[in-house]
4 protein chains.
Amino acid sequence: MSTEFKTIGILGKSSDPKIADTLKTLYQCLKPRYQISIDSGSAQLIPDFSGNIQPLKNLAQHCDVLIVVGGDGTFLSAARIASVCNIPLIGINLGRLGFLVDISPAELETKLNAILQGNYRKEKRSLLRTKIIRDTHVIHEETAVNEVVIHRWVTPSMIELITTIDGVYLNTQRSDGLIISTPTGSTAYSLSAGGPIIHPALDALLLVPLNPHTLSNRPIVINDSSEIEINFIKTNEINAQVTCDHIAIPDVLISDTILIKKDPKPITILHPENHEFFHTLRNKLNWSGGYPI
Amino acid sequence: MSTEFKTIGILGKSSDPKIADTLKTLYQCLKPRYQISIDSGSAQLIPDFSGNIQPLKNLAQHCDVLIVVGGDGTFLSAARIASVCNIPLIGINLGRLGFLVDISPAELETKLNAILQGNYRKEKRSLLRTKIIRDTHVIHEETAVNEVVIHRWVTPSMIELITTIDGVYLNTQRSDGLIISTPTGSTAYSLSAGGPIIHPALDALLLVPLNPHTLSNRPIVINDSSEIEINFIKTNEINAQVTCDHIAIPDVLISDTILIKKDPKPITILHPENHEFFHTLRNKLNWSGGYPI
Amino acid sequence: MSTEFKTIGILGKSSDPKIADTLKTLYQCLKPRYQISIDSGSAQLIPDFSGNIQPLKNLAQHCDVLIVVGGDGTFLSAARIASVCNIPLIGINLGRLGFLVDISPAELETKLNAILQGNYRKEKRSLLRTKIIRDTHVIHEETAVNEVVIHRWVTPSMIELITTIDGVYLNTQRSDGLIISTPTGSTAYSLSAGGPIIHPALDALLLVPLNPHTLSNRPIVINDSSEIEINFIKTNEINAQVTCDHIAIPDVLISDTILIKKDPKPITILHPENHEFFHTLRNKLNWSGGYPI
Amino acid sequence: MSTEFKTIGILGKSSDPKIADTLKTLYQCLKPRYQISIDSGSAQLIPDFSGNIQPLKNLAQHCDVLIVVGGDGTFLSAARIASVCNIPLIGINLGRLGFLVDISPAELETKLNAILQGNYRKEKRSLLRTKIIRDTHVIHEETAVNEVVIHRWVTPSMIELITTIDGVYLNTQRSDGLIISTPTGSTAYSLSAGGPIIHPALDALLLVPLNPHTLSNRPIVINDSSEIEINFIKTNEINAQVTCDHIAIPDVLISDTILIKKDPKPITILHPENHEFFHTLRNKLNWSGGYPI
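All values reported here derive from a predicted model rather than from experimental measurement.

(A) Local environment of the interface of chain C and chain D. Across the boundary between the two partners, chain C contributes 21 residues, which contact 20 residues of chain D. It is Pro-156, Ser-192 and Asn-211 of chain C that lose the most area in chain C upon contact with chain D, and together they represent 32% of the buried surface on that side. Going through the elements one at a time, strand E9 (147-152), helix H6 (189-192) and strand E17 (240-244) of chain C are the ones with two or more residues in the side of chain C that touches chain D. Counting residues per element, the side of chain C that touches chain D draws most heavily on H6 of chain C, at three residues. Of the residues belonging to the side of chain C that touches chain D, the class tally is eleven nonpolar, eight polar and two charged.

See the structure below:
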């Protein structure tokens with residue numbers, strides 16, 4: 001038996017009423033063999049819990065692997081925490097397959113045991129690091145797993161963004177905004193905005209304009225070693241917002257510069273050995289069916 | 001000579017520095033034969049102006065036809081004013097053809113004289129009337145020439161809208177919002193959001209979802225006799241805004257109902273006799289060219 | 001009881017092995033009260049059939065209403081036959097809801113009886129009439145319920161089409177072809193090519209370019225009173241095909257002119273009284289679900 | 001001065017009447033310092049030509065660099081020839097900038113001289129290698145610079161393709177076909193079909209479905225180390241064609257398997273030192289302009 005993992009962290013979407021049973025099963029399954037750290041919300045849903053209770057932000061520091069129970073949204077939060085400590089993540093859903101939470105409650109025991117015994121498929125996923133620059137100083141930094149979005153804010157009009165990639169001018173676009181997405185994010189908001197699906201193993205970044213005024217503005221895929229710089233066309237007022245995985249960076253000014261680059265620390269996901277991205281894709285996008293004439 | 005028009009109103013985009021010459025030419029051209037009412041901003045740009053100066057909102061009440069000088073945006077403002085008084089509009093651009101302002105400064109004298117002498121192509125364009133309903137009362141009404149947009153506001157997340165058409169449930173969509181557009185608006189914001197082009201003579205309304213979560217949500221074209229009702233999925237906070245031609249309706253609550261219907265009063269545009277919508281379309285969308293491989 | 005219908009026609013997709021049970025049920029249900037005409041393929045699947053057997057093309061001449069059993073494709077064929085005789089159609093599916101065949105086998109007896117007793121929702125659907133003109137003569141005419149497609153054929157290159165609407169030049173497009181669709185066809189091939197959904201009650205035609213070279217070429221919706229004329233840019237060889245509901249018009253030459261106009265004879269569909277187009281739409285496009293993040 | 005290039009090949013689009021002047025200028029410019037090989041069609045347009053005339057397919061074997069004069073289409077043909085011999089290419093257009101032919105006749109002397117003296121920006125572009133497999137034998141192989149297209153052929157109906165990537169099943173799609181494109185091809189036919197723009201420096205392949213029946217079928221970007229296998233759903237007749245850069249592979253059967261993989265030999269393009277892909281992109285897609293409201 002593998003001794004790779006001794007302490008296991010559990011982070012659950014404790015606001016979801018469906019989660020209690022899955023958390024209890026998970027705890028029973030892990031208790032005999034591992035030390036367990038858990039977030040306080042999830043701990044309350046396991047009556048006989050006797051492990052280590054940690055506030056969310058400390059959880060990753062106290063474990064060798066972090067099991068996330070919930071939806072893809074829960075996984076995104078966990079991943080931003082885990083990336084700092086460089087520990088791998090395992091995702092368990094609550095009955096509905098996610099792109100990131102790929103183990104169902106029904107197969108929890110068999111699949112999870114296999115993974116914890118060392119039989120897994122390891123996958124690296126790159127994150128994005130966003131810096132807000134004001135007067136040559138970095139005044140804010142934030143990490144995103146899916147995407148950074150710069151979009152119009154508290155204005156009924158389109159905004160104008162100037163995009164430069166590795167110091168080379170790309171374009172000035174008038175639009176509702178711009179998504180900069182990782183391959184992971186290509187199946188999230190970016191897909192709604194008309195972006196392509198990017199395989200997670202590709203070292204790429206994706207730029208997707210939001211409802212661009214110029215009809216030939218199209219999604220662009222570039223190397224993920226590139227640094228993207230966004231500036232605003234100056235107007236009288238703040239009219240844009242920057243979000244990382246849909247969490248807003250506060251107080252961005254129209255005169256600020258936004259720098260976006262691959263985060264030097266990727267996250268590691270441990271999947272069951274038979275995991276295939278294309279299988280999840282077919283399932284999530286209903287490709288088996290289609291609408292027949 | 002036609003005696004159809006005796007008093008002519010002029011409404012200019014006086015903030016545009018290019019407008020002075022066109023206004024002067026226009027005034028010289030009209031002064032000998034017509035009484036002229038003008039908005040105060042434009043009057044100041046015509047040194048020898050001796051006609052009737054009116055505040056914007058009264059202008060349409062003092063004339064038989066309203067000449068708009070500027071871009072399509074200026075025309076939209078003028079059209080909302082003109083629709084109340086039922087007077088026709090003529091659009092003059094400042095060098096760049098618009099969908100609505102189709103007479104260029106260079107052809108002002110010949111084309112405008114022809115129109116004022118009765119040689120024109122008359123076109124009706126429908127407007128949209130939006131009502132905000134709170135507790136069975138209409139608390140706000142607004143008119144739009146191009147489109148009504150219900151979009152997410154001060155929230156980084158998608159919103160959920162329930163759409164009903166003539167009392168029949170259409171769908172509940174999770175998206176950045178929804179555009180309800182006239183045929184006139186189909187070549188404006190709606191086109192950026194992936195909507196089709198609708199010929200102005202078609203009695204239709206267009207619903208275009210903004211970045212919908214469900215990939216099979218598509219633009220829908222319906223009869224313009226229909227009434228569209230939009231309700232929000234209740235959440236804890238106000239997170240949407242309603243705009244008419246990009247002007248916000250203030251203080252819409254999450255519990256309000258939005259009703260959108262064709263305005264009973266259309267506007268009338270007088271075009272040069274050789275005006276063709278398809279010609280404007282080719283010009284504006286650069287169809288002559290294309291990107292050759 | 002209504003005496004509107006005395007003789008009922010049945011046209012079945014006899015190539016589908018699932019159809020026999022539905023045909024037998026249908027026959028048992030109708031036999032006591034109506035005279036029945038049926039196509040010969042379907043007759044063979046009803047062991048005790050004792051009515052009137054007709055070749056397909058004569059079927060519509062011997063009945064007051066035509067019941068179609070199969071998919072939307074079967075309905076299209078039946079509709080082209082029925083339009084000549086001006087008899088109404090009723091659509092029964094084989095377990096999978098269609099846009100046109102909206103009665104399921106399970107609800108056959110109750111819904112069909114209600115309709116035949118006069119409790120129906122009557123709907124007109126326009127068809128397209130295509131004429132191929134050579135040297136000022138009409139050399140071929142064909143009817144389509146869904147769409148006419150002019151597409152490249154036996155050539156690996158794009159074709160160039162010149163489109164004129166009511167004598168007014170629209171554009172010259174380089175593409176894989178052009179779809180001209182009815183509202184009925186807007187949920188078929190046109191939807192795959194990026195066209196909008198058009199409500200069946202709207203008097204409209206839809207032009208959808210197939211992979212156009214110019215990125216601003218977009219679907220266009222026009223009034224269905226318009227006549228569309230298509231000509232080819234002359235090249236050395238025949239390189240395009242014209243299809244009506246996916247059936248090819250033979251031997252079209254590069255020098256021929258294609259005229260497309262609403263057929264003066266619409267078809268009439270009898271739906272159950274609670275039929276709603278939007279309900280079918282939600283069902284067929286999986287709108288209840290969507291892919292959740 | 002660089003002595004890297006001694007013999008220079010010239011391949012011109014001799015069918016284009018505009019080419020003669022450019023060829024003459026080019027010859028005058030090169031004659032004093034280099035040995036020149038040229039295709040026979042182009043040789044005839046240079047009255048005083050005294051170099052080495054070669055049939056097209058031998059041209060690349062007799063030179064150190066191949067200068068292509070024409071459009072992107074001419075460059076594609078040249079690139080397939082050059083890839084075998086591993087010689088670099090330089091592209092000169094005939095007055096209209098191409099994605100591949102980036103030197104204009106007006107700047108021919110200065111830019112070309114700089115390149116030939118060693119001041120260039122070198123760029124590798126990957127090609128695709130397509131193999132047709134029948135009964136475990138490779139019966140045909142072909143190279144493409146832009147894209148391989150598998151599309152319906154001599155049938156008015158959609159086809160069904162089964163796609164497997166590196167042995168993992170992707171999907172079965174019903175559509176008009178499938179484009180497999182290089183980054184180079186992402187700005188060609190693929191763009192018309194809704195594909196994203198891929199930066200030429202990204203090691204990626206792009207799969208773009210042509211008018212897919214299932215609306216959630218979307219372009220997919222994968223690593224260019226992957227092998228793509230396409231099989232047809234068996235039907236009664238041959239109904240698909242495989243093209244490489246729009247040149248058809250003859251006699252593909254419905255029972256054949258199509259394998260597509262990056263060609264082990266890339267091509268090398270020599271650009272002027274200030275060449276930027278984004279600059280060409282803005283120019284070709286008219287991004288400076290757009291259609292303003």
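(B) Representation of a positive patch on the surface within the structure. Taken together, the side chains of Lys-13, Lys-18 and Arg-96 of chain A together with Arg-174 of chain B define a basic patch exposed on the protein surface. By the secondary structure assignment, Lys-13 of chain A is in the loop between strand E1 (7-12) and helix H1 (19-30).

(C) Broad picture of the pairing of strand E4 (residues 65-69) of chain A. All names here are of chain A. The element E4 is largely enclosed, with a buried count of five among its five residues. Inspection of the sheet shows E1 paired to E4 by five bridges, in the parallel sense. Bridge pairing in E4 places Ile-8 opposite Val-65. Pairing between E4 and strand E5 (residues 89-92): four bridges, direction parallel. Paired with Val-68 across the two strands is Gly-91, which belongs to E5. In this region the chain leaves E4, passes through helix H3 (residues 72-85) and returns to the parallel neighbour E5; the handedness of that crossover is right-handed.

(D) How the structure looks around the sheet that holds strand E12 (residues 177-181) of chain C. One open sheet accounts for seven strands, arranged E13(B)-E15(C)-E14(C)-E12(C)-E9(C)-E17(C)-E18(C); its pairing is mixed. Bordering the open sheet on either side are strand E13 (197-198) of chain B together with strand E18 (247-249) of chain C, each of which pairs with just one other strand. As judged from the five bridges shared by E12 of chain C and strand E14 (residues 204-210) of chain C, these two strands associate in the antiparallel manner. Residue pairing for E14 of chain C: Gly-177 of chain C is matched across the bridge by Leu-210 of chain C.

(E) Spatial organisation of the packing of aromatic side chains. Residue and element names in this part refer to chain A. Evaluation of the coordinates by the stated rule reveals twelve aromatic pairs over all chains. Look at Tyr-27 and Phe-49: their rings are 5.0 Å apart centre to centre, the planes differ by 50°, and that puts the pair in the tilted class. Linking Tyr-27 in helix H1 with Phe-49 in the loop between helix H2 (40-43) and strand E3 (52-54), this pair joins segments that are 22 residues apart in sequence. For the pair shown, Tyr-27 and Phe-49 are each scored as buried. Relative to Phe-278, the ring of Phe-277 lies with its centre 6.0 Å away and its plane at 50°, an arrangement referred to as tilted. A relative accessible area of 10% means that Phe-277 is categorised as buried. Residue classification places Phe-278 among the buried positions, given a relative accessible area of 5%.

Cut-offs applied
Every chain begins its residue count from 1, and numbering advances along the sequence as written. All chains are assigned letters beginning with A, and all ligands numbers beginning with 1, in the order in which they are written. At least 70 in pLDDT is required for a residue's local features to be given in this predicted model, at least 80 for side-chain atom pairs to be given and counted, and no such filter applies to totals for whole chains, interfaces and linings, which use all residues. Side-chain figures throughout are based on the complete set of non-hydrogen atoms in the structure, without hydrogens or water. The criterion used for residue contact is that any of the two residues' heavy atoms lie within 4.5 Å. Throughout, buried area stands for the accessible area (probe radius 1.4 Å) lost by two parts on being put together, summed over both. Only DSSP runs of H or I reaching four residues or more are called helices, and only runs of E reaching two or more are called strands; each is numbered from the N terminus. Under the scheme applied here, ten amino acids are nonpolar (Ala, Val, Leu, Ile, Met, Phe, Trp, Tyr, Cys and Pro), four are charged (Asp, Glu, Lys and Arg), and all others, including Gly, are polar. Like-charged residues are merged into a patch within 9 Å and nonpolar side chains (Val, Leu, Ile, Met, Phe, Trp, Tyr) within 5 Å, provided each residue has over 30% relative accessible area and no salt bridge. Each accessible area value is a Shrake-Rupley result obtained with a 1.4 Å probe; residue values ignore everything except the protein chains displayed when judging cover. Take a side-chain nitrogen of Lys or Arg and a carboxyl oxygen of Asp or Glu: if they are within 4 Å of each other, that pair is a salt bridge. Working convention for charge: Lys and Arg count positive, Asp and Glu count negative, and His plus the chain ends are omitted. The atoms used to mark charge sites are NZ of Lys, CZ of Arg, CG of Asp and CD of Glu. Relative accessibility under 20% of the residue-type maximum defines a buried residue, over 50% an exposed one, and the middle range a partly exposed one, all with a 1.4 Å probe and only protein chains included. Here, any two strands with at least 2 DSSP bridges between them count as paired. Crossovers are described as right-handed under a simple rule: with the strands pointing away from the observer, the path leading from the first strand over the helix to the second runs clockwise. The rule is short: rings of Phe, Tyr and Trp, with Trp giving its six-membered ring, pair when the centres are within 6.5 Å, and they are stacked under 30 degrees, edge-to-face over 60, tilted in between.

Taken by themselves, the reported measurements are silent on function.
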